[in-house]
Amino acid sequence: MTDARAAARAAAGRISDAERRGTAAFLAWSEGALLEQAEALVRSGATGDLAGEVVAVKDVIADRQFPTTCGSRILEGYHSPFEATVVRRLREAGALIAGKTNCDEFAMGSSTEHSAYGPSRNPVDPTRVPGGSSGGSAAAVASGAVDMALGTETGGSVRQPAAFCGIVGIKPTYGRVSRYGLVAFGSSLDQVAPFGKDVRSAARLLAAISGRDDLDATTLDRVPLSADALAGPDAAPRSLRGSVIGVPREYFPDGLAPGVRAACETAVATLRGLGAEIRDVSLPHSRYAIPTYYIVAPAEASSNLARYDGVRYGPRLADHPADVRELYRVTRGRGFGPEVRRRILLGTYVLSAGYYDAYYRQAQRARALIRRDFADAFASGVDALFTPTTPTTAFKFGEHLADPIAMYLSDVFVCTANLAGVPALSLPIGRSEGLPVGGQLIGAMEAEATIIRIALALEAATDARAEVR
Amino acid sequence: MAWETVVGLEVHLQLLTRSKMFCGCSAAYGDPPNRNVCPVCLGLPGALPTPNAHAVRLAVRAALALGCAVHPRSVFARKNYFYPDLPKGYQISQFEEPLATGGALDIVSPERGAVRVGITRLHIEEDAGKSFHDRVPGMTAVDFNRSGVPLIEIVSEPDLRSPAEARAYLTALKQVMRYVEVSDCNMEEGSLRVDANLSVHRPGTPFGTRTEVKNMNSFSGVERALTFEQGRQIAAIEAGGTIEQRTMTFHAPTGEVRPMRSKEQSHDYRYFPEPDLPPLVLLPSWVDEIRAELPELPEDKRQRFVRTWRISSTEAAVVTASAAVADHFEAFVKAVGAEQGKDVWNWEANDVLTHSPDGESIPASLSPARMAELFALVKDGTVSRQASRKVLAEMLAHEGSPAAIAARLGVVQERDEGQLAAWVTDALAAHPAEVARYRAGETKLMGFLVGQVMKRSGGKADPKAAGAALGKALAG
Amino acid sequence: MGVAKGADGAGGGEAARVTRQDIRRIAELAELAVDEATARELEGQLSRILDYVAQLQELPRDGAPEPDEPAVRLRRDEVRPDPLLVPPDAFAPALRQGLFLVPRLAELAGGASDE
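Residues numbered from 1 in each chain as written. Chains lettered and ligands numbered in written order. Predicted model: local features only at pLDDT ≥ 70, side-chain atom pairs only at ≥ 80, totals over all residues.

(A) Expanded view of the overall build of chain C. The helix and strand tally for chain C stands at two helices and two strands. Going from N to C terminus, chain C has its helices and strands arranged as α-α-β-β. Expressed as a percentage of the 115 residues in chain C, the buried residues total 30%. Taking contacts inside chain C between residues at least 6 apart in sequence as the whole, the part at least 24 apart equals 62%. (Helix = DSSP H or I, 4+ residues; strand = E, 2+ residues; numbered from the N terminus. Buried ≥ 20, exposed ≤ 12 C-beta atoms within 10 Å, placed from the backbone. Contact = placed C-beta atoms within 7 Å.)

Below, the structure written as structure tokens:
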């Protein structure tokens, strides 16, 4: 076991350096808190799966040491009076919580440009976004400040930043990880999802937080994932002979950036070289994913964010409200940023009388068809699907702010897995003009072990920093 | 120029559970404010609901007791609106796929006799907190102890035709729900709440526009409120006006029903299935188990009592006020004998129930066994019916057999024939004039003579036995 | 995969036109203050987004596969709250006599009883 105190001090040094360089990954962190936790760990003599590991936590997850702002003014200074199950599990595994990381407000965004506290920067190229909404956690890992971090996924918010920053991100099967203490955005889509500097780190973190929670009725009733099975010394296979990897044609459209396409072709060749059979498949309803997502997620969000009204917690942002409704309207009007406001109004609209059937109910039908596309593909004998994670490499700050839809489209390859509930992983597969490219592996329901196994093999056979041709 | 009134009632009942519907907080009533709260029922960021198994069981029991079809699959849904005592900004309820539909409740209408009132649906939902608008000037103060307490909402068909029928429905519903121990149904404590819908129309024409009436806090309040609203609507239409679909509130001090001053008359609740809760699926065997454990319902018990214990249905209604009273009566009459049903009823209704603190429970000291003993003492003449009431009062606080208590009170009637004969002889000897008049035909003087025997016996003679002895002596 | 088919909207059907009236209605439902300039902006943005998501109308209204959902787990009825780490007075913006306070509802002007 690493000496926890030394690990804490070293982490503090690295975080401090990264923040000084302008990464702006953290909204709250302290060396004191790290050292305190290290002391407590040493005194207790506990040895968990993550003993002494320093982990950063996205600020939409409630913890007891730091504020939980969700990147929003409406929760500025809010200290949660309870702790998320995933944070409790981290502590029980012996991890040291480094602090809370920046994110797009209430996890709504793809770049951290919608954080009320300013954006985070991509450590590989600080003129570019780290991705979002979990951009802070991604930057914290990519800058070397920490090896592991928790983000959250609703529409690709861990895999997309992982791809942009050149690290690993895993979205678990929906229900694999408890959402108790995860501030809800799109309840039927949300999952806490781990980042790691490599596949093994992300897998270990996933194992430590996963498992049924009696406080979350949507968690699966299954044996929890085992760190040993996923990421132990024998977990990485030397060959992928016998594995069948599907390549869905819908994920390789004409508009795909040439560098991304080249990196994926190289990765597919690598997989073939490892012995995997590569098969052409089709997921015909993929094109409906973004429209479906942008009905379901805002609808659920409009309801989930109704609780932010200044009544029971958080700041009251109205000066002298004449009545309670004015308190609501002004607090919420001032407390929410433009992207959150847009999604709340959109969500309210699609749920409102006369529109529910045409929008929300229709989106649920589309979602069922998308889910079935995946089920059919896996039923046909495919073990995993391989696709690019994002259509482009990291974009520059300000590039997509003018047009919300352009921003939404950066999630086009990742949001399908959230809609279907299946597990998916992004790992770095090369560089294009110096910027990281991510490759995505998507598995069948509850098949995290399968995609992690394939990812370990691909990772070992890939030079993630090599420039693609 | 007849008018017909149409009333439908929506009743909310708090279920008798220990914990709340979606969290482990205590559901107890009356604790200090905001004591029984947690992240879930306060709507803190990140909290999630976990449904209470016993609440579901009670809801199913209620549905079965009302003859509803219980659906094996039902779905929780969010009802979205903003109010200070609704912490999440939505209430978890059920909408398109409720727990149960299609039941009925039989009532006795003061106007129409036996009426079957349809139950449209019964579903599960959570309660909101309690708002106090007049505690702190200019502020609304909120207590979230009640937030999350389990409720069932029972919606009736618009089958009621008068304010009095509405009251009868509530009385019958309360009785059934207390029988099956689903809810206390106590309006003062808020475990039963009513919203009413009322419209009027000419018979043979379509139903009129209805208004919703809220804020009625007692059964008599419901009747008063609906009587007022019925009158208001009729007067308005007869004056040439129309009825607007509005939400109205009852103002108890004046008995008036007034429009609620809210701008938003029609709420768009934007219902959608609750994404934090998978569907509620009930195994048929579980539902059967709940059906099997249903106690005999009030109406069935009433009918059985009429058949078995030879009392009328009005009499049966009195002794089936609650399951406890009914059980007491039944044990009492069984101990005594079915042929005495009428008499036992008399005792139960006029003597035992007088000592019930609430009309629904019987003090343990008046157990059926002790009552049967006392009853026997009266039947065999040991104690007079009048004296038995004194003995009963004494039995409430004292142990021991009724016979011993009677003796201690000195109310045991003298039945020794020799002693009785002596008193009779004395009485006749003391009043020769009355004896002569009696023998001459004034038979009503028997009362006077019995009185004389009673005086000589110090009240201890059994008046019936005294009369018989006198009759024999005078005939001889 | 719809990458090129972004903001141009779907084929078939009328363009969704979100009006100022709509913005006002939904802002009221969502208890969200929206000033005039923002409302104008939102009309355009929401109209475009709704046009874009309208492609779902291409899909049939029936025949969608039923989700294979597990039944909800039920919790035993015992008093076992997930306790607050600190009591409400530690985080409530306004608390008096143990009660959360908010400015009184305007719609009650003229006496209202407790609910």
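(B) The overall build of chain B, seen in detail. A tally of helices and strands in chain B yields 16 helices and 16 strands. Taking 476 residues into account, the globule formula puts the C-alpha radius of gyration at 23 Å, and chain B, at 30 Å, lies well above it. For the C-alpha atoms alone, the extent of chain B along its principal axes is close to 95 × 55 × 50 Å. The proportion of buried residues among the 476 residues of chain B is 45%. Across chain B, the fraction of contacts at a sequence separation of at least 24, relative to all contacts at a separation of at least 6, is 68%. (Rg over C-alpha atoms; globule rule 2.2 N^0.38 Å.)

(C) Spatial organisation of the domain arrangement of chain B. Partitioning chain B into structural domains gives domain 1 (4–286), domain 2 (298–409) and domain 3 (417–475). Distance between the C-alpha centres of domain 2 of chain B and domain 3 of chain B: 33 Å. (Domains from an automatic or database assignment.)

(D) View of the nonpolar core. Of all hydrophobic cores here, the largest spans 300 residues; its most connected members are Val55, Ala98 and Val146 of chain A together with Ala59, Ala62 and Ala63 of chain B. Residue contributions to this core reach at least three from each of two domains, namely domain 1 (4–286) and domain 2 (298–409) of chain B. In contact with Val146 of chain A, other than residues within four places in its own chain, are Ala11, Val54, Val55, Ala56, Ala98, Ala140 and Val141 of chain A. (Core = buried A, V, L, I, M, F, W, Y, C linked by C-beta atoms within 7 Å.)

(E) Just the confidence of the model for chain C, in detail. Residues and elements named next belong to chain C. This prediction gives chain C a mean pLDDT of 83; 80% of its residues lie at or above 70. Low pLDDT (under 50) marks residues 2–13, which in the prediction has 30 contacts with non-local residues, meaning those over four places away or in another chain. Scored by ipTM, the complex comes to 0.96, with pTM at 0.92. (pLDDT = per-residue confidence, 0-100.)

(F) Just the packing of helix α8 (residues 323–336) of chain B against helix α10 (residues 368–379) of chain B, in detail. All names here are of chain B. Following both chains from N to C, one finds α8 and α10 inclined at 45°, their axes separated by 9 Å at the closest point. By the angle between their axes, α8 is oblique relative to α10. As for the relative orientation of α8 and α10, their crossing is right-handed in sense. Each of His328, Ala331, Phe332, Ala335 and Val336 in α8 lies in contact with α10, whose residues at this interface are Pro368, Ala369, Met371, Ala372 and Phe375. Counted by class, the contact of α8 with α10 contains nine nonpolar, one polar and no charged residues. (Axes fitted to C-alpha atoms, helices over the stretch in contact; angles between N-to-C directions. Parallel < 35°, antiparallel > 145°, perpendicular 65-115°, else oblique. Left-handed = near helix turned anticlockwise from the far one by under 90°. Nonpolar A, V, L, I, M, F, W, Y, C, P; charged D, E, K, R; others polar.)

(G) Quick peek at the sheet that holds strand β12 (residues 211–216) of chain B. Residues and elements named next belong to chain B. Sheet architecture is open: nine strands sit in the order β2-β6-β7-β10-β1-β11-β12-β13-β14, paired in mixed fashion. The outermost strands of the open sheet, each flanked by one partner alone, are β2 (69–70) and β14 (256–259). The strands touched by helix α3 (residues 163–179) within the sheet are β1 (4–14), β6 (100–109), β7 (113–126), β10 (150–156) and β11 (192–201), with β6 carrying the most contacts at an inclination of about 115°. (Pairing = 2+ DSSP bridges.)

(H) Inspection of the interface of chain B and chain A at higher detail. With 25 residues of chain B in contact, the opposing surface of chain A contributes 35 residues. Looking at the side of chain B that touches chain A, its residues break down into 14 nonpolar, six polar and five charged.

(I) Here's a closer look at the interface of chain A and chain C. Taken together, the contacts link 58 residues of chain A with 45 residues of chain C. Per-element tally for the side of chain A that touches chain C: the top contributor is helix α10 (residues 324–335) of chain A, with eight residues. Grouping the amino acids of the side of chain A that touches chain C by side-chain chemistry returns 33 nonpolar, 10 polar and 15 charged.

(J) Looking closely at the pairing of strand β3 (residues 96–101) of chain A. Residues and elements named next belong to chain A. For β3, the buried fraction is high: six of the six residues fall into the buried class. When strand β1 (residues 26–29) meets β3, the two strands line up antiparallel, connected through three bridges. Counterpart to Phe26 in the pairing with β3 is Thr101. Note: strand β2 (residues 54–58) against β3, five bridges, orientation parallel. From the neighbouring strand, Val57 faces β3, where its bridge partner is Lys100. Crossover connection from β2 via helix α3 (residues 85–92) to parallel β3: handedness right-handed. (Right-handed = clockwise from strand over helix to strand, strands pointing away.)

(K) Structural view of helix α4 (residues 219–238) of chain B. Residue and element names in this part refer to chain B. Taking 1.5 Å of rise per residue, 20 residues should cover 28 Å, and α4 covers 29 Å from first to last C-alpha, within 8% of that figure. Within the sequence span of α4, burial applies to Val222, Ala225, Leu226, Phe228, Glu229, Gln230 and Gln233. Packing partners of the buried residues in α4 comprise β1, α3, β11, β12, β13 (247–251) and β14. Positive phi appears at Gly240, one or two residues downstream of α4, with a value of about 95°. (Expected span 1.5 Å × (residues − 1).)

(L) Up close: the environment of Ala33 of chain A. Residue and element names in this part refer to chain A. Looking at the secondary structure, you find Ala33 in helix α2 (residues 31–44). Assessed through the 18 C-beta atoms surrounding it within 10 Å, Ala33 is described here as partly exposed. Sequence spacing of Ala33 and Leu346 is 313 residues, and the spatial spacing of their C-alpha atoms is 40 Å.

(M) Representation of helix α11 (residues 338–351) of chain A. The end-to-end C-alpha distance of α11 of chain A is 20 Å, a good match for the 20 Å that 14 residues give at a rise of 1.5 Å each. For α11 of chain A, a buried count of 13 out of 14 residues is recorded, marking the element as mostly surrounded by other parts of the structure.

(N) Molecular detail of the sheet that holds strand β9 (residues 384–388) of chain A. Residue and element names in this part refer to chain A. The strand order across the open sheet built from 11 strands is β1-β3-β2-β4-β6-β5-β10-β11-β9-β7-β8, with neighbouring strands paired in mixed fashion. Sheet topology places β1 and β8 (277–281) at the edges, where each strand pairs with a single neighbour. Mean inter-strand twist for the sheet, computed between neighbouring axes without regard to direction, equals 30°. Pairing of strand β4 (residues 148–153) with strand β6 (residues 191–196) involves six bridges; the strand directions are antiparallel. By the bridge assignment for β6, Glu153 is matched with Gln191. Packing against the sheet, helix α4 (residues 135–142) makes contact with β1, β2, β3, β4 and β6, and its axis sits at approximately 155° to β4.

(O) Spatial organisation of the environment of Phe106 of chain A. With respect to the helices and strands, the residue Phe106 of chain A is situated in the loop between β3 and α4. A sequence separation of 165 residues divides Phe106 of chain A from Leu271 of chain A, and the C-alpha atoms of the two residues are 37 Å apart.

(P) Examining the packing of helix α9 (residues 289–304) of chain A against α11 of chain A more closely. All names here are of chain A. Where α9 contacts α11, the axes come no closer than 7 Å and their chain directions differ by 100°. Considering the angle they form, α9 stands roughly perpendicular to α11. Residues Ile295, Pro298, Ala299, Ala301 and Ser302 of α9 touch α11, and the partners they reach there are Arg343, Ile344, Leu346, Gly347, Thr348, Val350 and Leu351. Of the residues that constitute the contact of α9 with α11, the class distribution is eight nonpolar, three polar and one charged.

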